[in-house]
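# Architecture at a glance
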Amino acid sequence: MRHILITGGAGFIGSHVVRLFVNKYPDDEIINLDKLTYAGNLSNLSDLEGKPNYKFIKADISDYDAIRKIFETLKIDGVIHLAAESHVDRSITDPFSFAKTNVIGTLNLLQSAKDAWRENYEGKLFYHISTDEVYGALNFNESRFTEETRYDPHSPYSASKASSDHFVRAYHDTYGLPVVLSNCSNNYGPYQFPEKLIPLFINNIRYNKPLPVYGKGENVRDWLYVEDHARAIDLIFHRGRVGQTYNIGGGNEWKNIDLIKLLIKTTDRLLGREMGASEKLITFVTDRAGHDLRYAIDASKLRNELGWTPSLQFEEGIDQTVRWYLEHQEWLDSVTSGEYQNYYRRMYGE
Ligand code: NAD
Ligand code: TDX
């Protein structure tokens, strides 16, 4: 039995990765380590409670002693590291917690893995999940980010992720730690915390609340359905080449304002409102400081080496996603009210 530690498994992407691994690899033990910050919602994984190959540990990756102890007591073979502070707007008001979790937390995991594995790296792998934001911003006429694009982060969030990526590569180059990295574009789908654009706007349309569009809504993002990201992570963890970086992206660029209009059209239709009725909720607000103009990923390395392609057309993915949020209104309500934070205490009695 292999023991795989997934950090940040109670978050948006992590919950999809944990579910995929627990169900697909019954002979592996999947250990979900999460601090359960505001972004961690363990009830997202309630369907896995009681499965023999699933274990949850509440811990903070910025606590070196706690992380060391976990590596000393559990025989961990592989790490898939997703835990992070992930919201750009929060990084602008509170950069220190981003440095603490994203940089120091990653360093704690690297050092603990290196010491526990004691250079006996056979069958071991440290997989670090990163973002396209480390490459900075593109103009409209520039070609997409490749794995060779120079790092040029602009926000405290992307600077902290870039720093953690450098530490991961440094542990490979200095100590021979077997690592692999991937940098993915914007994800969307079920269980995303409603501070990010897509779930926030679906929820606001539902309650006829203003839709705060930053600047003129001209920024471009490259959107990928979260389960396609989880499939890519599975492929890279099992078949990626050690020491390599893989870009993951949907090849699916949307200007924010066009995406917002698609969201409005889809949500109005599913709510039985007159088509476009909610366009009146669009409210242009002050732009995000340092707002990156455009992200776009060239995922040809992943496609050519490991045969990965996104499975969903965007309009289909948005339709499924809006349906999911409207059919899980109690999930949105429990997150917006804070009720979801009681789940851990109810289940684990702490
Ligand atoms: P999220 O904010 O939804 O989840 C983060 C999880 O990490 C939460 O469960 C939180 O409780 C946990 N966490 C935070 N600080 C912790 C700490 N100190 N110790 C232990 N756990 C802690 O984030 P997400 O959107 O699921 O992103 C997951 C990863 O993927 C991040 O590393 C992010 O940088 C990366 N990423 C995200 C996107 C995206 O579009 N969401 C795109 C590319 C890469
Ligand atoms: O209220 C809003 N209004 C708005 O116009 C919000 C929340 C966002 N926006 C804009 C900003 C971005 O151009 O929408 C775009 C998407 O914003 P976010 O959902 O905050 O995502 P982004 O900043 O692009 O970063 C995301 O993708 C890369 C994730 O949050 C990161 O964790 C990931 O690394």
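Quick summary incoming for the structure in this document. Quantities reported herein were computed from a predicted structural model and do not represent experimental measurements. (Residues numbered from 1 in each chain as written. Chains lettered and ligands numbered in written order. Predicted model: local features only at pLDDT ≥ 70, side-chain atom pairs only at ≥ 80, totals over all residues. Heavy atoms only, no water.)

Quick look at the layout of surface pockets now. Left-over empty space is what a probe sized like a water molecule reveals as it rolls over the atoms. Space inside the second largest pocket adds up to approximately 190 Å³. Considering the residues around the second largest pocket, the lining is formed by Phe 71, Glu 72, Leu 74, Lys 75, Ile 76, Asp 77, Ala 116, Trp 117, Arg 118, Asn 120 and Lys 124. Counting residues per element, the ones that place at least two in the lining of the second largest pocket are helix H2 (64-73) and helix H4 (95-117). For the lining of the second largest pocket, the per-class residue count stands at 5 nonpolar, 1 polar and 5 charged. (1 Å grid on protein atoms, 1.4 Å probe; cavity = no way out; pocket = protein on both sides within 12 Å on 5 of 7 lines; lining within 4 Å. Points joined across faces, edges and corners; volume = space filled by probe spheres on them. Helix = DSSP H or I, 4+ residues; strand = E, 2+ residues; numbered from the N terminus. Nonpolar A, V, L, I, M, F, W, Y, C, P; charged D, E, K, R; others polar.)

This next bit is on empty space enclosed by the protein. Under the definition given, this model contains 1 cavity of 30 Å³ or more. As a volume, the largest cavity reaches approximately 50 Å³. Val 88, Glu 133, Ser 155, Arg 221, Arg 288, Ala 289, Gly 290, His 291, Asp 292 and Tyr 295 are the residues that line the largest cavity. Looking at the lining of the largest cavity residue by residue, the classes come out as 3 nonpolar, 3 polar and 4 charged.

The first and last C-alpha atoms of helix H10 (residues 314-327) sit 20 Å apart over 14 residues, in line with the 20 Å expected at 1.5 Å per residue. Every buried residue of H10 is accounted for by Phe 314, Gly 317, Ile 318, Asp 319, Thr 321, Val 322, Trp 324, Tyr 325 and Leu 326. The inward-facing, buried residues of H10 abut strand S7 (186-188), helix H6 (197-206), strand S9 (220-225), strand S11 (253-255), helix H8 (256-271) and helix H11 (329-337). (Expected span 1.5 Å × (residues − 1). Buried < 20%, exposed > 50% of the residue type's maximum accessible area, 1.4 Å probe, protein only. Contact = heavy atoms within 4.5 Å.)

As a further point, take the site of ligand 1. The immediate surroundings of ligand 1 are formed by 29 residues, with Ile 13, Asp 34, Ser 86, Tyr 157 and Lys 161 found nearest. Asp 60 places a polar side-chain atom, nitrogen or oxygen, 2.8 Å from a nitrogen atom of ligand 1. Starting from 840 Å² of accessible surface for ligand 1 in isolation, the protein chains cover 96%. Contributions of two or more residues to the shell around ligand 1 are made by helix H1 (12-24), strand S5 (125-131), helix H5 (156-175) and S7. With 3 residues, the top contributor of residues to the shell around ligand 1 is S5. For the shell around ligand 1, the residue count by class is 13 nonpolar, 11 polar and 5 charged. (Near = heavy atom within 4 Å. Polar contact = N/O pair within 3.5 Å; in protein donor to acceptor, adjacent residues only side chain to side chain. Areas by Shrake-Rupley, 256 points an atom, 1.4 Å probe, with all protein chains shown as cover.)

A few words on the packing of aromatic side chains. Overall, the coordinates contain 19 aromatic pairs when judged by the stated rule. Seen from their ring centres, Trp 254 and Phe 314 are 5.0 Å apart, and the 45° between their planes marks the pair as tilted. Here Trp 254, found in strand S11, pairs with Phe 314, found in helix H10; they are 60 residues apart in sequence, far enough to count as distant. When sorted by exposure, Trp 254 lands in the same class as Phe 314, which is buried. (Phe/Tyr/Trp six-rings, centres within 6.5 Å; stacked < 30°, edge-to-face > 60°.)

Okay, the pattern of salt bridges next. If charged atoms from side chains of opposite charge come close, those side chains can pair. For the structure shown, the criterion picks out 17 salt bridges. Put simply, Lys 24 and Asp 234 hold a salt bridge, and the shortest N to O gap is 2.5 Å. Taken as a pair, Lys 24 in helix H1 and Asp 234 in helix H7 (residues 226-239) lie far apart in primary sequence, 210 residues in all. Since its relative accessible area comes to 6%, Asp 234 is described here as buried. In this structure, Asp 228 and Arg 231 form a salt bridge, with 2.8 Å as the shortest nitrogen-oxygen distance. Of the two residues, Asp 228 and Arg 231 both sit in helix H7, 3 residues apart, roughly one turn of that helix. Here Arg 231 falls in the partly exposed class, since its relative accessible area comes to 32%. (Salt bridge = Lys/Arg side-chain N within 4 Å of Asp/Glu carboxyl O.)

Moving on, we come to the sheet that holds strand S2 (residues 29-34). Reading across from one edge, S3-S2-S1-S4-S5-S6-S10 is the order of the 7 strands in this open sheet, with parallel pairing throughout. Two strands bound the open sheet, and with one partner strand each, they are strand S3 (54-58) and strand S10 (245-248). Strand-to-strand twist in this sheet, taken as the mean axis angle between neighbours without regard to direction, amounts to 20°. Looking at chain direction, S2 and S3 are connected through 5 bridges and run parallel. Bridging across to S3, Ile 31 finds its partner in Lys 55. In the packing of H7 onto the sheet, the strands contacted are strand S1 (3-7), strand S4 (78-81), S5, strand S6 (179-184) and S10, and the crossing angle to S5 comes to about 150°. (Pairing = 2+ DSSP bridges. Axes fitted to C-alpha atoms, helices over the stretch in contact; angles between N-to-C directions.)

We now examine the nonpolar core. Membership of the largest hydrophobic core comes to 46 residues, with the highest contact counts inside it found for Ile 6, Ile 80, Tyr 127 and Ile 248. Among residues more than four places away in sequence, those in contact with Tyr 127 are Val 79, Ile 80, His 81, Val 180, Leu 181, Ser 182, Ile 233, Ile 236, Phe 237 and Ile 248. In this structure, Phe 201, Ile 202, Leu 332 and Tyr 340 belong to the second largest nonpolar core, which totals 32 residues. (Core = buried A, V, L, I, M, F, W, Y, C linked by side-chain atoms within 4.5 Å.)

Moving on, we get to the site of ligand 2. Close to ligand 2 lie 21 residues, the nearest being Thr 131, Glu 133, Tyr 157, Arg 288 and His 291. Within the contact set of ligand 2, an oxygen atom lies 2.9 Å away from a backbone nitrogen or oxygen of Tyr 214. Out of a free accessible area of 660 Å², ligand 2 has 94% covered by protein chains. Elements supplying a minimum of two residues to the shell around ligand 2: H6 and strand S8 (211-214). Looking at the shell around ligand 2, its residues break down into 9 nonpolar, 7 polar and 5 charged.

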